[in-house]
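A look at the structure
The chain contents come next:
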Amino acid sequence: MNALILKPGREKSLKRRHPWVFSGAVAKVQGSPGPGETIGLWSATGEFLAVAAYSPQSQIVARVWDWQETPIDQGFFLKRIAQAVAQRKVFMDEPDTGAMRLVHGESDGLPGVVADRYGDAMVLQLTSAGADRWRQEIADAVVEASGVGRVWERSDAEVRGLEGLPAVTGPLRGNRDPARITVTEHGLVFQVDLEHGHKTGFYLDQRDNRRRVRELARGREVLDGFCYSGGFALNALAGGAKSVAAVDSSADALGLARKNAECNRLPGVEWIEGDVFQLLRKFRDVGRRFDLIVLDPPKFAPTAAHVEKAARAYKDINLLAFKLLRPGGLLVTFSCSGGVAADLFQKIIAGSALDAGVQAQIVERLGPGADHPVALNFPEGDYLKGLVCRVAGQ
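Residues numbered from 1 in each chain as written. Predicted model: local features only at pLDDT ≥ 70, side-chain atom pairs only at ≥ 80, totals over all residues. Heavy atoms only, no water.

**Comments concerning the environment of Leu320**
Secondary-structure assignment places Leu320 in helix H10 (residues 307–324). Not counting chain neighbours up to four residues away, the residues in contact with Leu320 comprise Phe277, Leu280, Arg281 and Arg284. (Helix = DSSP H or I, 4+ residues; strand = E, 2+ residues; numbered from the N terminus. Contact = heavy atoms within 4.5 Å.)

**Regarding the sheet that holds strand E17 (residues 290–295)**
The sheet built from seven strands is open, its strands ordered E16-E15-E14-E17-E18-E20-E19 with mixed pairing. Because the sheet does not close on itself, it has two edges, and the strands there are strand E16 (270–273) and strand E19 (360–366). Direction aside, neighbouring strands of the sheet carry axes that sit 15 degrees apart on average. Sheet topology note: the E19/strand E20 (residues 385–391) ladder contains six bridges and is antiparallel. (Pairing = 2+ DSSP bridges. Axes fitted to C-alpha atoms, helices over the stretch in contact; angles between N-to-C directions.)

**Focus on the pairing of strand E14 (residues 221–225)**
For E14, a buried count of four out of five residues is recorded, marking the element as mostly surrounded by other parts of the structure. As paired strands, E14 and strand E15 (residues 243–248) are joined by five bridges and run parallel to one another. Residue pairing in the sheet places Gly225 in a bridge with Val247 of E15. Since E14 and E15 lie parallel, the crossover through helix H7 (residues 231–238) that links them has a hand, and here it is right-handed. One ladder, built from four bridges, connects E14 with E17; its direction is parallel. Each bridged residue has a counterpart across the sheet, and for Leu223 the counterpart in E17 is Ile293. (Buried < 20%, exposed > 50% of the residue type's maximum accessible area, 1.4 Å probe, protein only. Right-handed = clockwise from strand over helix to strand, strands pointing away.)

**Points about the pairing of strand E18 (residues 325–335)**
Summarising burial for E18: eight of the eleven residues are buried, a large majority. Note that E18 and E20 share six bridges and pair antiparallel. Residue pairing for E20: Ser335 is matched across the bridge by Lys385.

**Re the sheet that holds strand E10 (residues 150–155)**
What the five strands build is an open sheet, ordered E7-E8-E9-E10-E11; its pairing is mixed. The sheet terminates laterally at strand E7 (99–104) and strand E11 (168–173), the two strands that pair on one side only. Each adjacent strand pair in this sheet contributes to an overall mean axis angle of 20 degrees, direction not counted.

**Notes on the pattern of salt bridges**
If you walk through the whole model with that rule in mind, you get 25 salt bridges. For Arg284, the salt bridge is made with Asp285, and the minimal N-O distance between the two is 3.1 Å. A salt bridge links Arg326 to Asp291, with the shortest nitrogen-to-oxygen separation between them at 3.1 Å. Placement of the pair is Arg326 in strand E18 and Asp291 in strand E17, with a sequence separation of 35 residues. On the accessibility criterion, Arg326 (28% relative accessible area) is partly exposed. Among the charged side chains, a network of salt bridges with common partners joins Asp132, Arg135, Glu153 and Arg160. (Salt bridge = Lys/Arg side-chain N within 4 Å of Asp/Glu carboxyl O.)

**Points about the environment of Phe277**
Within the secondary structure layout, Phe277 lies in helix H9 (residues 276–286). For Phe277, the residues in contact, after removing those within four places along its chain, are Phe226, Phe300, Ala313, Asp316, Ile317 and Leu320.

Here it is in structure tokens:
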């Protein structure tokens, strides 16, 4: 087997079972492994550490498949994916759960592999060289473990560029059509665009949080920033919101949101196309106020290198939101940036409230659902952070 030999002392993170090896930790490459090929990881003293996938063009030069000298083959993926699906069976049996994540990358022991189920379709996203190398075997394994009729690949995330991989999209198993399907979530139906939608088509990690916004919305005037296909907006309306305004910069996203509103017979949302930052400033200038604001922006900091710029963006948008809230109003704000830790995000929100001249309390902390587990040895998997903040009354 080809191998990476680590520099002295650089095996410590692997012994804590962190699944990544950075290029600076490598002393020597034995053999001539190609991208995605299986390699052994060895300490400078000759101790075996793990088997991994090699990614020569990435700063993360190896991602661990297993901590034993396990053969990485079709049988490995069949077993590992079957385990991931079985662990979610309790959630799959819940009513009104037509979509869920069945494989969640490193947290399921499958670095770079995401598999999201939408009814009878599975969307597969492969973001590492190792996952890309085993594409066909992974596709077969998700079909066998889940029983879906078709698999659609959406390996078009920007992170693939860091691996030296091109974007790959399209059908892997079964028919291409329909590329847009309908799923049910907590009694509401949503159309999901498998081919062109954000991420794998829908923000499955926000499923439980959409329901929480529904519970908080009764009698409130609600603003949903970065509304995409209307998940939070329609849940707020279903929960008895007095009014809902929803903003997104994408005309296509708003078109899908309007169709979702029609499917659920929930008219009355004020759909607004435009830049969220600019529109919040406009609302501030004209004195418009809300009782509940949801901010679920895109990933401002995909890596630690972007944290400073992201912190400014998070502070600006949350400062504006605090200024738009009436006394006693709620701000439900999120960060999906892996480079922004939870404690930093809380500090940013605290600074936003201070600069907005309001007193606020954290009344709830939110995160992804149980189908997005976080392995204790992989804290980077804890990417979605949410706070429910209440502005003090007069």
